Amino acid sequence: MEQFDAVIIGTGQAGVPLAARLAEQGKQVAILERHRVGGSCVNYGCTPSKTLIASARIAHHVRCAAEWGIHSGEVRIDYPAVIKRVRELVSASNSKITTRFEDNPNITLIRAEGRFSGSVDGLHVVIAGDREICAPQVFINTGTRGQVPPIDGLDDVPYLNNETIFDLDVLPEHLILIGGGYISLELGQAYRRLGSRVTVIEAAAAMLEREDHDIAAAVTEFLKAEGIDILTDTKVTSARRDGAGVIVTVAHGDQLREIGGSHVLVAAGRTPNSDALALETVGVKTDEKGYILTDGQMRTNINGIYAIGDVNGRGAFTHTSYQDYEIVWDHLNGGTRSADGRIMTYAMYLDPPLGRVGMNEKEARKAGKSVLVNTWAMADISRAKEQGETRGMIKVVVDAGTDQILGATVLGFQGDDVVQVFSYFMHTGAPYQVMRDALPIHPTISEMIPTVLGKLKPMED
């Protein structure tokens with residue numbers, strides 16, 4: 001049996017920097033990867049999707065350039081060139097991380113799936129392919145994968161997911177997306193702008209149910225305006241091949257209809273990659289969905305075993321995974337940082353993007369809080385008008401008792417960056433009046449934050 005100081009299962013956005021820092025301390029680290037080094041972000045998430053979205057945005061703006069007084073010829077999409085650029089960026093990131101591991105004498109990269117097989121004398125044993133390794137500390141960084149809903153005939157259809165969509169060498173003629181979440185809407189808008197017909201099928205009564213109604217309605221409106229077919233309160237009941245394409249049967253109430261497409265992509269939620277770890281052999285506990293239970297320092301119920309990244313259910317984003325690493329590293333070196341006080345923030349990379357931090361109005365109502373709220377339309381912000389980017393709004397929720405900002409939503413031009421102004425401020429614990437009285441730069445989107453905060457009103461019943 002090979003012994004290491006630490007074993008990391010998975011090379012996602014928490015495991016990679018942790019391996020490097022442990023190696024800097026002279027520790028011998030084994031890091032396991034069953035597929036592509038770099039995890040979801042590099043291979044299937046942020047890097048490829050945002051690269052694709054960037055190409056789609058350029059195409060959209062060229063088509064609409066006359067609105068800015070610029071005229072061009074017909075837009076021609078060279079999809080092989082688009083996807084080549086996507087793959088080149090993914091490959092570069094993947095290769096950089098791989099080289100970083102292979103060139104480090106303190107890191108052993110093992111290309112195999114890892115699973116536990118018990119603990120002996122304080123060492124946790126992991127099977128990695130044909131190797132048996134052990135260490136006093138094991139960090140689980142296995143992430144999540146797409147859920148596959150129980151749809152009759154789906155297993156007989158060559159459906160796509162957020163990973164395999166980037167293997168396509170041809171632009172889909174008609175892309176059907178099952179699920180109306182972030183992955184679906186981001187990719188749906190991108191492929192529509194690249195020239196595909198796009199249909200989004202969502203089982204819920206409305207899109208983006210976790211967002212406030214006005215935010216979700218605005219997103220739905222501008223996606224429909226771009227020609228995306230959005231079906232809500234609609235469930236896919238079956239799927240079957242149709243030559244080289246696919247036909248799905250959908251139900252809206254008692255009404256059934258068939259929709260034919262060239263490709264179908266399933267984006268109906270995520271499930272943790274914990275089922276193949278044989279956690280029962282070491283006694284690590286999970287919740288009913290399979291997410292590994294941890295405390296604020298990412299410690300499981302078993303001494304020396306940690307769960308970092310999406311697999312612990314404390315966040316489903318690259319930035320939460322990376323912060324998990326920071327918290328674990330701080331803990332290992334005697335610090336007191338904890339994820340228990342984390343204020344969740346995220347973005348949906350539509351165009352315009354949606355940024356969220358903390359509570360929205362819907363969540364404040366559910367919590368029974370007394371709050372102050374204000375919404376400001378992007379159409380009333382000078383920079384947005386000058387850019388020709390007037391879709392969306394800024395919305396802020398403040399605790400009426402403590403004067404602290406509970407959350408903010410920014411849907412609009414640079415919304416993913418603007419919302420971080422709120423996030424950073426919220427972490428100070430200062431009352432909203434401090435931000436209200438700050439001096440902003442003109443013309444910017446964030447210059448309206450003091451104005452928005454200066455016109456807060458009690459939330460209506």
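Note that residues are indexed from 1 along each chain, following the sequence as it is written. Per-residue local features are limited, in this predicted model, to residues with pLDDT of at least 70; the limit for side-chain atom pairs, both in listing and counting, is 80 or more; totals at the level of whole chains, interfaces and linings are taken over all residues. Hydrogens are left out, water is left out, and the side-chain values use all remaining heavy atoms of the structure.

Colleague: Just give me the short version of the pattern of salt bridges, but keep the residues and values in it.
Modeller: Whenever Lys or Arg places a side-chain nitrogen within 4 Å of a carboxyl oxygen from Asp or Glu, that contact is recorded as a salt bridge. Per the counting criterion, the structure on display carries 25 salt bridges. Of the charged contacts in the structure, one is a salt bridge between Lys395 and Asp214, with a shortest N-O distance of 3.1 Å. Here Lys395 is found in strand β22 (residues 393-399), whereas its partner Asp214 is found in helix α6 (residues 213-225), with 181 residues between them in sequence. Remark: exposure states derive from per-residue accessible area (1.4 Å probe, protein chains only) relative to the maximum for the residue type, with buried under 20%, exposed over 50%, and partly exposed in between. Taking relative accessible area as the criterion, Asp214 reaches 27% and is therefore assigned partly exposed. Ionic pairing is found between Glu258 and Arg240, a salt bridge with its closest N-O pair at 2.9 Å. Remark: Arg240 occurs in strand β13 (residues 235-242) and Glu258 occurs in strand β15 (residues 255-261); sequence separation between them is 18 residues. Look at Glu258 and you get partly exposed, because its relative accessible area is 48%. The way it works is that DSSP assigns letters per residue, a run of H or I at least four long becomes a helix, a run of E at least two long becomes a strand, and they are numbered from the N terminus.

Colleague: Please set out the sheet that holds β15 residue by residue, giving values where relevant.
Modeller: The strands making up a sheet are joined through hydrogen bonds of the backbone, oriented either antiparallel or parallel. We call two strands paired when DSSP finds no fewer than two bridges between them. The sheet built from three strands is open, its strands ordered β13-β14-β15 with antiparallel pairing. Of all strands in the sheet, those bounded by a partner on one side alone are β13 and β15. Ignoring which end each strand starts from, the neighbouring axes of this sheet average 20° apart. Of the strand pairs in this sheet, β13 and strand β14 (residues 245-252) are connected by seven bridges, and their pairing is antiparallel. What sits directly across from Ala239, in β14, is Val248. With axes taken as lines fitted to C-alpha atoms, and helix axes fitted only over the stretch in contact, angles between N-to-C directions fall between 0 and 180 degrees.

Colleague: Can you explain the environment of Arg436? Please cite residues and give values.
Modeller: Inspection of the secondary structure puts Arg436 in helix α11 (residues 432-436). Here Arg436 falls in the partly exposed class, since its relative accessible area comes to 31%. Whether two residues are in contact is decided by their heavy atoms: any pair within 4.5 Å suffices. If near-sequence neighbours (up to four positions away) are discounted, Arg436 is found in contact with Pro450, Leu453 and Gly454. Any N or O atom pair separated by 3.5 Å or less is treated as a polar contact, with the protein-specific requirement of one donor-capable and one acceptor-capable atom, and with residues adjacent in sequence counted only for side-chain atom pairs. In this structure the side chain of Arg436 is engaged in a polar contact, spanning 2.9 Å, whose partner is the side chain of Asp437.

Colleague: How would you summarise the sheet that holds strand β10 (residues 174-178) if you had to cite specific residues and measurements?
Modeller: Taking strand neighbours across the sheet as the criterion, the four strands line up as β12-β11-β10-β16 in an open arrangement whose pairing is parallel. What marks the edges here is a single partner per strand, and that holds for β12 (229-231) and β16 (263-266). The mean inter-strand angle of the sheet, taken between neighbouring strand axes irrespective of direction, is 15°. As judged from the three bridges shared by strand β11 (residues 197-201) and β12, these two strands associate in the parallel manner. Within β12, the position partnered with Thr199 by the bridge is Asp229. Seen against the sheet, helix α5 (residues 182-194) touches β10, β11 and β16 and runs at an angle of roughly 165° to β11.

Colleague: Give me the lowdown on α5, citing residues and values where you can.
Modeller: Every α-helical turn comprises 3.6 residues, leaving residues that sit three or four positions apart pointing alike. Here α5 is 13 residues long and its end C-alpha atoms lie 18 Å apart, about the 18 Å a rise of 1.5 Å per residue gives. When we look at burial in α5, the residues that qualify are Tyr182, Ser184, Leu185, Glu186, Leu187, Gly188, Gln189, Ala190, Tyr191, Arg193 and Leu194. Once α5 finishes, Gly195 follows within two positions and takes phi at roughly 120°, a positive value. Working rule for helices: expected span equals 1.5 Å times residues minus one.

Colleague: Explain the pairing of strand β6 (residues 123-128) to me, using residue names and the numbers behind them.
Modeller: In the case of a regular strand, side chains alternate between the two sheet surfaces. Within β6, six of the six residues are buried, leaving the element largely enclosed by the surrounding structure. Here β6 shows a buried face lined by Leu123, Val125 and Ile127 and a second buried face lined by His124, Val126 and Ala128. Note: strand β5 (residues 114-120) against β6, five bridges, orientation antiparallel. From the neighbouring strand, Ser119 faces β6, where its bridge partner is His124. Taking the residues between adjacent antiparallel strands as the criterion, β5 and β6 are bridged by two residues, where Asp121 takes a positive phi near 50°. Pairing of β6 with strand β7 (residues 131-135), which is carried by five bridges, proceeds in the antiparallel orientation. For His124, the partnering residue across the bridge sits in β7 and is Ala135. Connecting the antiparallel pair β6 and β7 is a turn made up of two residues, with Gly129 showing a positive phi of about 65°.

Colleague: Please provide a residue-by-residue account of the layout of surface pockets, values included.
Modeller: The pocket and cavity definitions rest on a 1 Å grid over protein atoms only: a 1.4 Å probe that fits but cannot leave marks a cavity, an open set with protein on both sides within 12 Å along at least five of seven lines marks a pocket, and residues lining either have an atom within 4 Å of a point. Grid points are joined across faces, edges and corners, and a volume is the space filled by probe spheres set on the points. Roughly 230 Å³ of internal volume is contained in the second largest pocket. Surrounding the second largest pocket, Lys50, Ile53, Ala54, Arg57, Tyr349, Leu350, Asp351, Pro352, Pro353, Phe413, Gln414 and Asp416 form its lining. Looking at the lining of the second largest pocket element by element, the count peaks at four residues for helix α3 (residues 46-63). Its residues assigned to classes, the lining of the second largest pocket comprises seven nonpolar, one polar and four charged. Amino acid classes used here: Ala, Val, Leu, Ile, Met, Phe, Trp, Tyr, Cys and Pro are nonpolar; Asp, Glu, Lys and Arg are charged; the rest, including Gly, are polar.

Colleague: Can you lay out the packing of helix α1 (residues 15-24) against helix α7 (residues 318-332) for me, pointing to particular residues and giving the numbers?
Modeller: For the pair α1 and α7, interaxial distance at closest approach is 9 Å and the crossing angle is 25°. Viewed along their axes, α1 and α7 adopt a mutual orientation that is roughly parallel. Seen along the crossing, α1 lies across α7 with a hand that is right-handed. Packed against α1, whose contacting residues are Pro17, Leu18, Arg21 and Leu22, the element α7 presents Tyr322, Tyr325, Val328, Trp329 and Leu332 at the interface. Here the contact of α1 with α7 is composed, by residue class, of eight nonpolar, no polar and one charged. Roughly parallel here means an angle under 35 degrees, roughly antiparallel means over 145, roughly perpendicular means 65 to 115, and every remaining angle is called oblique. Crossing handedness is defined as follows: a turn of the near helix away from the far one that is anticlockwise and smaller than a right angle gives a left-handed crossing, while the clockwise case is right-handed.

Colleague: Report on empty space enclosed by the protein, specifying residues and quantitative values.
Modeller: Within this structure, the stated rule accounts for one cavity of 30 Å³ or more. Here the largest cavity defines a volume of roughly 30 Å³. Elements with a minimum of two residues in the lining of the largest cavity: α3 and α5.

Colleague: I'd like a rundown of the nonpolar core, residues and numbers included.
Modeller: As used here, the term nonpolar core means buried Ala, Val, Leu, Ile, Met, Phe, Trp, Tyr and Cys residues forming a set that is joined through side-chain atoms within 4.5 Å. Core analysis: the largest hydrophobic core is formed by 40 residues, its most contacted members being Leu52, Leu185 and Tyr191. When residues of this core are traced back to their parent elements, those giving at least two are α3, α4 (79-102), β10, α5, β11, α6 and β19 (345-348).

Colleague: Give a detailed account of the side chain of Ser423, specifying residues and quantitative values.
Modeller: Relative to the assigned elements, Ser423 resides in helix α10 (residues 415-426). For Ser423, a relative accessible area of 5% translates into the label buried. Here Ser423 is in contact with Thr345 and Val357, once residues within four sequence places are set aside.

Shape descriptors only; they carry no functional weight alone.
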